[in-house]
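Coordinates in review
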Amino acid sequence: MRRWWLVAGRGLLALWLAVPAAFAAEVSPQQHPAGAAIASAHALATEAGLDAIRAGGNAFDAAVATSAMLSVVEPISSGIGGGGFFLLHDAKANRDVFIDARETAPESTTPDVYLDKDGALDPDRAENGPWSAGIPGLPAALVHLAAKYGKLPLKTTLAPAIRVAREGFPIYERLAVGYASRSKVMERYRGTREVFLADGDAPKVGETLKQPDLARTLELLAERGFDGFYRGEVAKKLLAGVKQEGGKWRADELAGYRVREREPLRLKYRDWDITTSPPPSSGGVALAQILQILSGWDLQKLDAPQRTHLVVEAMRRAYRDRTIYLGDPDFVEVPLVRLTSRDYAAGLRASIHPDKATPSALLSGQPAPLEDEETTHFSIIDAEGNRVAATQTVNLLYGSGMIAPGTGVLLNDEMDDFALKPGTPNAFGVMGFEANAPKPGKRMLSSMTPSFIESPDKAIVLGAPGGSRIITQVLLGILAFDAGMDPQAVVALPRYHHQWFPDAISAEPGALDAATVQALQAMGHTVNAGEPTWGNLQTVQWDKRTNTLSGGSDPRKPGGRADVLLKAVLPAPSP
Ligand code: GLY
């Protein structure tokens, strides 16, 4: 029997009915959605969010439940040893807010820590083990969301994640393949071996992964809130684990971690009001620049080569600015007004040749490394009209690879998202990637771009993982919604990407037809067509005109699920 029936049977709630895919309700449109919709990268996480709604919670409770379950069942992508961004729409207050739970650099961060004796970047320190880990932000975000925006106690919303951590879940291909690619690093650490080699060998598809220590850590978080993770037993074990492996964290920097509430970035593109991530994400600024450059043309009236050329040129310019200007706004002055202004975009637009590629080397600046590939996203709408777009991460596959013994907490390797090797001044005297240089307490620049787009007819929540390719996935998603596509078609659409350097268009199979590739090459573009696919877009949509809810879960990474939970009047529970 499905668990929601048990809930209904206990008389706690009898008004919810789960239906797959999409539903059009015969109720008056516009005011409130007919139910709730959740899309995430794992069916158990979508289900945990729906459970929170069935238990009388709102989208913010569902976000806590979904986020925590992803931490358990998708450790390759995110976890409570990492961080994330939560974009919220609070329907009652008619307010959007951006919860920044990005990791912070520990006090031990000094410029030389990540350099070898010749002054070159030491990738092992940057990507693996304790030095690569920032102070985690995700547990604080869950506590903050529950306390300030939710209706349910953490004991309720974390219960499914605790159960699955303790009882286990079936290992799927992506986890097993990812483990194999990181095993050499992961197996260096005792805490990691205790979890992933508990049965004596590497995780295999179909086996059950149990994480009893993680269950206990989540229980402490549910019981004691912030202190359950950042002070006391778990904090002590985290500090000891980091020290044992040669790193340096301090008790006061764990206890001093705080989420930040920030004003989201807003922009207008055609009929759409777009609400998206501000710094320390680079995503919203880049998205704003690209869309404002593109608003000079009616893309749908252009042929594919011309349209792709203009989109690519806009991407190229935005990624260049990202590298130079963006960093943690609590530490550096980000010229946000200028970078997102229509006039600035008009100047960039004027620099685009209508049928010639601009070589990236002609745009001044020192290219810095961009973020890597993992991370996860989920999207939620509830029946009150609340919305959550959340992207969370441990950075690379399985983060730093290190689990602090006795905690189940897999530490992130987000320090690698800083520009760890200081740049040299560019032609204009700007210190290349100085804005994103590491400093104690600073948040590393991110590409995570959880976003809302809203027109008079539709409210849509979307976002994706994929490092520097997050921004262009969200961009292409917005352009596809603007072209009238439905959510499942949007997430399946083949992608292309340009990020200034390398100066080449990456394209998935089917993204650009042969004639378009040829035309782009004739304009001077290098095109790498037929690259392996990337990303994992998760989106939900409320069509206000028909009061229809629907969702899309990216088919590239099987195992995700978009689901709609219809608020329907069921017979009242018997007394
Ligand atoms: N670690 C990926 C990002 O924050 O963009």
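The shown structure was predicted, so the numbers you read here are calculated from the model rather than taken from an experiment.

The next point concerns the overall build of the chain. When helices and strands are counted, the chain shows 20 helices and 22 strands. For 575 residues, the compact-globule formula gives about 25 Å, and the C-alpha radius of gyration of the chain, at 23 Å, lands near that figure. In terms of overall dimensions, the chain has C-alpha extents of about 70 × 65 × 40 Å along its principal axes. Going through the 575 residues of the chain one by one, you find that 62% of them count as buried. Sequence-distant contacts, at least 24 apart, represent 75% of the contacts inside the chain between residues at least 6 apart. As displayed, the chain offers around 20900 Å² of accessible surface, 55% of which is attributable to carbon and sulfur atoms.

Moving on, we get to the side chain of Gln 538. For Gln 538, the position within the fold is in strand 20 (residues 538-543). By relative accessible area, which is 0% here, Gln 538 ends up buried. Excluding residues that lie within four positions of it along the chain, Gln 538 makes contacts with Ala 39, Ser 40, Ala 41, His 377, Phe 378, Ser 379, Val 461, Leu 462, Gly 463, Gly 552, Ser 553 and Asp 554.

This part covers the site of the ligand. As a matter of local geometry, the ligand sits amid ten residues, with Asn 395, Glu 414, Asp 417, Ser 446 and Ser 447 nearest to it. With respect to the ligand, the side chain of Glu 414 contributes an N or O atom lying 2.7 Å from a nitrogen atom. In the model, a nitrogen atom of the ligand is placed 2.7 Å from a nitrogen or oxygen of the Asp 417 side chain. When the ligand sits alone it has 200 Å² of accessible area, and the protein chains cover 100% of it.

With respect to topology, three strands assemble into an open sheet ordered 17-18-19, the strand pairing being mixed. Across the chains shown, the open sheet's two edge strands, defined by having one partner strand only, are strand 17 (496-497) and strand 19 (527-528). Here strand 17 runs beside strand 18 (residues 505-507); their pairing, made up of two bridges, is antiparallel. By the bridge assignment for strand 18, His 497 is matched with Ser 506.

Turning our attention to the pattern of salt bridges. Evaluated as defined, the whole model comprises 45 salt bridges. Here Lys 268 ties to Asp 273 by a salt bridge, and the two come within 3.3 Å at their closest N and O atoms. Residue Asp 273 is classed as partly exposed on the basis of its relative accessible area of 41%. For the salt bridge of Asp 554 with Arg 495, the shortest nitrogen-to-oxygen distance reads 2.8 Å. With Asp 554 in the loop between strand 21 (548-553) and strand 22 (561-567) and Arg 495 in the loop between helix 19 (487-492) and strand 17, the pair connects residues that are 59 residues apart, well separated along the chain. Judged by its relative accessible area of 2%, Asp 554 is buried. One network of salt bridges, in which partners are shared, links Asp 100, Arg 260, Arg 262, Asp 328, Asp 330 and Arg 443.

In this section: the environment of Tyr 114. Take Tyr 114: it is sitting in the loop between strand 5 (95-101) and helix 4 (123-127). The class for Tyr 114 is buried, based on a relative accessible area of 1%. Residues Tyr 114 and Glu 127, 13 residues apart in the sequence, show an inter-C-alpha distance of 9.8 Å. Aside from chain neighbours lying at most four places away, what touches Tyr 114 is Thr 109, Ala 120, Leu 121, Asp 122, Arg 125, Ala 126, Trp 131, Met 415 and Leu 420.

Another aspect to go through is helix 17 (residues 342-350). Inspection of helix 17 places Tyr 344, Ala 345 and Leu 348 among the buried residues, and these make up the whole buried set. What you see down the axis of helix 17 is that its buried residues fit within an arc of 100°, all on one side. For helix 17, the exposed residues set more than 90 degrees away from the buried face come down to Asp 343 and Ala 350.

Any pair of aromatic rings gets described here by the distance separating the centres and the angle formed by the planes. Under the criterion given, the structure shown has ten aromatic pairs. Relative to Phe 378, the ring of Phe 86 lies with its centre 6.4 Å away and its plane at 70°, an arrangement referred to as edge-to-face. One end of the pair, Phe 86, is in strand 4 (residues 83-90); the other, Phe 378, is in strand 11 (residues 376-381), with 292 residues separating them in the sequence. You can call Phe 378 buried: its relative accessible area is 0%. By the ring-pair criterion, three or more aromatic residues cluster together here, those being Phe 226, Phe 229, Tyr 230 and Tyr 257. Sitting over the face of the ring of Phe 226, Arg 258 holds its NZ or CZ atom 5.1 Å from the ring centroid.

Reading the values: rules and limits
- Residues numbered from 1 in each chain as written.
- Predicted model: local features only at pLDDT ≥ 70, side-chain atom pairs only at ≥ 80, totals over all residues.
- Heavy atoms only, no water.
- Helix = DSSP H or I, 4+ residues; strand = E, 2+ residues; numbered from the N terminus.
- Rg over C-alpha atoms; globule rule 2.2 N^0.38 Å.
- Buried < 20%, exposed > 50% of the residue type's maximum accessible area, 1.4 Å probe, protein only.
- Contact = heavy atoms within 4.5 Å.
- Areas by Shrake-Rupley, 256 points an atom, 1.4 Å probe, with all protein chains shown as cover.
- Near = heavy atom within 4 Å.
- Polar contact = N/O pair within 3.5 Å; in protein donor to acceptor, adjacent residues only side chain to side chain.
- Pairing = 2+ DSSP bridges.
- Salt bridge = Lys/Arg side-chain N within 4 Å of Asp/Glu carboxyl O.
- Arc of directions from axis to C-beta.
- Phe/Tyr/Trp six-rings, centres within 6.5 Å; stacked < 30°, edge-to-face > 60°.
- Lys NZ or Arg CZ within 6 Å of the ring centre and 35° of its normal.

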